[in-house]
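Examining the three-dimensional arrangement
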Amino acid sequence: CALTLIVLALFIRIEKWIERINKQRVYTITRPYEPGIVEKYETLMKSFHLKFELEKRIKVDDDMQCSWIVQGSKSNQEKLVEALLEDPSIKKFEV
């Protein structure tokens, strides 16, 4: 019984460690459309060593909304968030 509790406690710590080094989030960005914009943000994600998959792309009037599933460490995702918040062309940003 005690061994079972120790193993369970160990698994909880391992789970938290894995979550910290390999977090998955959905990023949605709305901004004015321009050619090559998807590649611009994907290059930015690569620069922070993040894996990503373009989930959807929507064009409404002159704006484009893109959503990516992004996977990587919590610290690299925070760096991406900071870079996106500094982008003046982004009208709306959701994580």
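Structure first, text after, so check above.
Residues numbered from 1 in each chain as written. Predicted model: local features only at pLDDT ≥ 70, side-chain atom pairs only at ≥ 80, totals over all residues. Heavy atoms only, no water.

So, the pattern of salt bridges
The condition that has to hold: The salt bridge criterion pairs a side-chain nitrogen of Lys or Arg with a carboxyl oxygen of Asp or Glu, the two atoms within 4 Å. Strands are runs of DSSP state E lasting at least two residues, helices are runs of H or I lasting at least four, and both sets are numbered from the N terminus onward.
Applying the stated rule across the entire model yields 5 salt bridges. A salt bridge links Asp87 to Lys40; its shortest N-O distance comes to 3.4 Å. Of this pair, Asp87 sits in the loop between helix H3 (74–85) and strand E4 (92–94) while Lys40 sits in helix H2 (residues 37–47), and the two are 47 residues apart along the sequence.

Here's the deal with the sheet that holds E4
The condition is simple: For two strands to pair, DSSP has to find at least two bridges joining them. Only the stretch in contact is used when fitting a helix axis, every axis being a line fitted to C-alpha atoms; angles between N-to-C directions are given from 0 to 180 degrees.
Strand order in the open sheet formed by 4 strands is E2-E3-E1-E4, with antiparallel pairing between adjacent strands. A strand with exactly one partner marks an edge of an open sheet, and here the two such strands are strand E2 (51–60) and E4. The average angle at which neighbouring strand axes cross in this sheet is 15°, direction not considered. With 10 bridges connecting them, strand E1 (residues 23–32) and strand E3 (residues 63–72) associate as antiparallel partners.

Concerning H3
In an α-helix, one turn spans 3.6 residues, which is why side chains three or four residues apart end up on the same side. Formally: One less than the residue count of a helix, multiplied by 1.5 Å, gives the span that helix is expected to have. Each residue gets one of three labels from its accessible area relative to the maximum for its type: buried under 20%, exposed over 50%, partly exposed in between, using a 1.4 Å probe on protein chains only. In this description, one arc is meant: the one made by directions from the helix axis to the C-beta atoms. In what follows, a contact means two residues having at least one pair of non-hydrogen atoms within 4.5 Å.
Taking 1.5 Å of rise per residue, 12 residues should cover 16 Å, and H3 covers 16 Å from first to last C-alpha, within 8% of that figure. Those residues of H3 that sit buried are Asn76, Gln77, Leu80, Val81 and Leu84. Taken down its axis, H3 places every buried residue within 145° of arc, on the same side. Where H3 is buried, its residues meet E1, H2, E3 and E4.

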